[in-house]
There are 6 protein chains.
Amino acid sequence: MSLTVYRKAHFNAAHRLFREDWSDAKNSQIFGKCSNPNYHGHNYELEVGITGDIDAETGFLIDLKILKDVIYEEVEIPFDHKNLNVEVEAFKNINPTVENIAIEIYNRLTSRLDNRYKVTVKLYETPRNFVVYTG
Amino acid sequence: MSLTVYRKAHFNAAHRLFREDWSDAKNSQIFGKCSNPNYHGHNYELEVGITGDIDAETGFLIDLKILKDVIYEEVEIPFDHKNLNVEVEAFKNINPTVENIAIEIYNRLTSRLDNRYKVTVKLYETPRNFVVYTG
Amino acid sequence: MSLTVYRKAHFNAAHRLFREDWSDAKNSQIFGKCSNPNYHGHNYELEVGITGDIDAETGFLIDLKILKDVIYEEVEIPFDHKNLNVEVEAFKNINPTVENIAIEIYNRLTSRLDNRYKVTVKLYETPRNFVVYTG
Amino acid sequence: MSLTVYRKAHFNAAHRLFREDWSDAKNSQIFGKCSNPNYHGHNYELEVGITGDIDAETGFLIDLKILKDVIYEEVEIPFDHKNLNVEVEAFKNINPTVENIAIEIYNRLTSRLDNRYKVTVKLYETPRNFVVYTG
Amino acid sequence: MSLTVYRKAHFNAAHRLFREDWSDAKNSQIFGKCSNPNYHGHNYELEVGITGDIDAETGFLIDLKILKDVIYEEVEIPFDHKNLNVEVEAFKNINPTVENIAIEIYNRLTSRLDNRYKVTVKLYETPRNFVVYTG
Amino acid sequence: MSLTVYRKAHFNAAHRLFREDWSDAKNSQIFGKCSNPNYHGHNYELEVGITGDIDAETGFLIDLKILKDVIYEEVEIPFDHKNLNVEVEAFKNINPTVENIAIEIYNRLTSRLDNRYKVTVKLYETPRNFVVYTG
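Residues numbered from 1 in each chain as written. Chains lettered and ligands numbered in written order. Predicted model: local features only at pLDDT ≥ 70, side-chain atom pairs only at ≥ 80, totals over all residues. Heavy atoms only, no water.

Draft legend 1. Seen up close, the interface of chain F and chain C. Contacts between chain F and chain C engage 21 residues on the former and 18 residues on the latter. Around 1,600 Å² of area is buried between chain F and chain C when both sides are counted, 57% of it from carbon and sulfur atoms. Among the residues of chain F in contact with chain C, F:E99, F:F130 and F:V132 are the three that bury the most area, contributing 32% of the side total. Between the two partners, chain F and chain C, sit zero salt bridges. The interface formed by chain F and chain C includes eight residue pairs in polar contact (both at pLDDT 80 or more). If you list the elements that add at least two residues to the side of chain F that touches chain C, you get α1 (24-31), α4 (98-112) and β5 (129-134) of chain F. Split by residue class, the side of chain F that touches chain C holds eleven nonpolar, seven polar and three charged. Both strand β1 (residues 2-15) of chain C and β5(F) contribute to a ladder of six bridges, which runs antiparallel. Its bridge partner lying in β5(F), C:V5 is registered against F:V131. (Contact = heavy atoms within 4.5 Å. Buried area = accessible area lost by both parts, 1.4 Å probe. Salt bridge = Lys/Arg side-chain N within 4 Å of Asp/Glu carboxyl O. Polar contact = N/O pair within 3.5 Å; in protein donor to acceptor, adjacent residues only side chain to side chain. Helix = DSSP H or I, 4+ residues; strand = E, 2+ residues; numbered from the N terminus. Nonpolar A, V, L, I, M, F, W, Y, C, P; charged D, E, K, R; others polar. Pairing = 2+ DSSP bridges.)

Below is the structure:
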């Protein structure tokens, strides 16, 4: 038996994909128009899943007010209306691909949530392109 | 290998979250505006997943007409346009949180379906708040 | 030429449809299960459209922060997690049909917004049932 | 830990469900209006999930340009704007139920993709009826 | 002031676009893969809008049970799980483009509804391609 | 009577809102986090509506292949994966608000389409914030 509660959030950010140690030609070949040096951006839509046991007293798996605050502090404040490459420490050395952003969000959330919860991060970069990362 | 077929349904219902053995102050602190004594309500959107083996003769995992009837009898008839606290026996003693409603739906469906099927219940309380319960 | 900016909001509420001056039988015949005396409820999804002229200096038609505050004060605060029949004055004497709720929202918003704007209210009672009211 | 990247695609096709070795009466009883001899059709919406390890150099799990080409060649070209019963070899002897179409897509994709990937196929026959097939 | 109530419905059908008086080459040039002689198909999603005056007694613009029955009889029964070219009289001589299907639905609905209503037909051939026809 | 055909497209871009002739404090007061000098970005979803007369011979209002090419050349090529402030001439002197982007798209499309068509541009900056511009 498994019970998971999901909460949605979203942030709008600029990014680009490139490696400093690669030539412009190689960046363009591998990352295509995503490597535009002037940046482009996305509306990232996030679904955080928390798997755990129900609290018999309240009927809640988790107090969503706490989860909401953790997502706000760990994801929305640092990522929303930001340039991910320039303003988020984690992406100064690794590419802000949707895969890496999902993993970073997972790491931030699990550092704050009780480890009795299993956390799942579903992140849409566009309505047509998304990832699921599960610990 | 795993094959799951999903069918959607929906119901509109009133509910409130509270415990009779708690003070009004404590109900308000834990359940917030969800504890309004006059009730509020939701459009619950339901996705029922049935995992099993394909029938080689028909190419169906399950006869969806049977599944449709079971969902109608076990969920839509008793829950749609109802007050969950007042009119559904299961929620007279436990809170109709989205977690508990999903578990109740799961129990109702599995009591009627062949136990060779694994059943998954995904229940949206709002487009932004949902649970998945898997047996 | 016509330019309209839209902003979404939502509220979850309980209601019932009935007339006190009608018999139970007539209420049931006209309003069906919507007349359940114990109430049922919906997730109302609202899209407010503001038609007007663009401000050449900012490139905005309206300051969305102001619109957001007006919607919050006039719709979300009084309607969200409420019983519309019991707790909203306007629906003590008229039925809270989706038509009447849209008209009430329109009246509340236009009472607060500059009359140089034309206001449109699109209100979903369910994902399958909605109205548009335009002044 | 598990990371899955999803890509969407779609195709519009005609089909019917029936068995040649059954009487018209039995086909009609089991498959209902889906057995109409003149065919009907659907907008199939496809989500292909690829589970695997991230490439530390690029931050990609898979080069989506390659995945896009494989889906185009193996699914869109042979299925889009086609009559599945008449024009797709696999469905000359088995019924093109949404279950069987998902399995056929899975087999086509895995025959082309590196077997270090786990592949998941989610296929919507309608917005209300869909399957998930996982290898 | 204008008030419109919308109701959704859907049907799944096969069709093809072609003119008998054109060569295969010209049909293919103008209609592309939509002219496949073996047909293809779509999930058509329909939104019917009824503009009119509110009934002060009920708070309804129209009795939706009546509208639902009219849509069922005039659209769902004749179109759902059908081959539009072969089984719908109107499309024996004109092409079942999404434009012509919307006009045919409009004509069928207005022949049944009181002419005090203005009728709008929004018809999705795919989630990405749709028309609006207003009388 | 009015018939409109819609086609969807999308582009992902970076932008910021600010006026060079304003102080940082005033930009921040009016444009809030949208004025971040490092840019942020969005998935813009576009619906182009073409109102006109049906061609009796084909049953089409417009050849969608032509419309598709015009949208691709006038919107997707110049805007997709671009920084709107830096790389689109029109936004060097006016703010790329969703209002102004919609007007720019309208001007680009009407410069290419036959003036017998009325053009409508619906542009989503986020799923929750959008405009409609009609000529």
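Draft legend 2. Spotlight on helix α4 (residues 98-110) of chain C. Residues and elements named next belong to chain C. Here α4 contains 13 residues, and its C-alpha end-to-end distance of 18 Å stays within 8% of the 18 Å for a straight helix at 1.5 Å per residue. With eleven of 13 residues buried, α4 is to be regarded as a mostly interior element. Buried within α4 are the following residues: V98, E99, N100, I101, A102, I103, E104, I105, Y106, R108 and L109. (Expected span 1.5 Å × (residues − 1). Buried < 20%, exposed > 50% of the residue type's maximum accessible area, 1.4 Å probe, protein only.)

Draft legend 3. Spatial organisation of the pairing of strand β5 (residues 129-134) of chain A. All names here are of chain A. Extensive coverage of β5 is indicated by the burial of six of its six residues. Both strand β4 (residues 118-126) and β5 contribute to a ladder of six bridges, which runs antiparallel. In the strand pairing of β5, K122 is matched with V132. Hairpin connection of β4 to β5: two residues between the antiparallel strands.

Draft legend 4. Representation of the pairing of strand β4 (residues 118-126) of chain E within the structure. All names here are of chain E. Counted residue by residue, β4 has eight buried out of nine residues, so it is predominantly covered. The sheet contact formed by strand β2 (residues 40-52) and β4 spans seven bridges and is antiparallel. Paired with L46 across the strands is L123, a residue of β4.

Draft legend 5. Examining the relation of the copies chain F and chain A more closely. When chain F is fitted to chain A, the best match, at an RMSD of 0.0 Å, comes from turning it 180 degrees and sliding it 0.0 Å along the axis. Taken together, the turn and the small shift mark the pair as related by a two-fold rotation axis. Interface overlap between copies: 100% of the residues of chain F at the interface are likewise at the interface in chain A, consistent with a symmetric, same-surface contact. (Least-squares fit on C-alpha atoms with pLDDT ≥ 70 in both.)

Draft legend 6. Quick look at the environment of A:N107. All names here are of chain A. Tracing the backbone through its elements, the reader meets N107 in helix α4 (residues 98-112). With a relative accessible area of 41%, N107 lands in the partly exposed category. Counting along the chain gives twelve residues from N107 to V119, while the straight-line C-alpha distance between them is 9.6 Å.

Draft legend 7. Seen up close, the pattern of salt bridges. In the structure shown here, the tally under the stated rule is 60 salt bridges over all chains. A:D21 is paired through a salt bridge with A:R19; the nearest N and O atoms lie 3.0 Å apart.

Draft legend 8. Representation of the interface of chain F and chain A in the model. Contacts between the two partners involve 24 residues from chain F and, on the opposite side, 24 residues from chain A. Buried area between chain F and chain A, both sides added, is near 1,900 Å², and the carbon and sulfur share of it is 45%. Seen at the junction of chain F and chain A, the total is four salt bridges. With a shortest N-O distance of 2.8 Å, F:E45 and A:R128 are connected by a salt bridge. Across the contact surface, chain F and chain A share 21 residue pairs in polar contact (both at pLDDT 80 or more). Those elements that provide at least two residues to the side of chain F that touches chain A are β1 (2-15), β2 (40-52), β3 (82-83), α3 (84-87) and β4 (118-126) of chain F. Element by element, the count of residues in the side of chain F that touches chain A is highest for β2(F), at five residues. Considered class by class, the residues forming the side of chain F that touches chain A number six nonpolar, eleven polar and seven charged.

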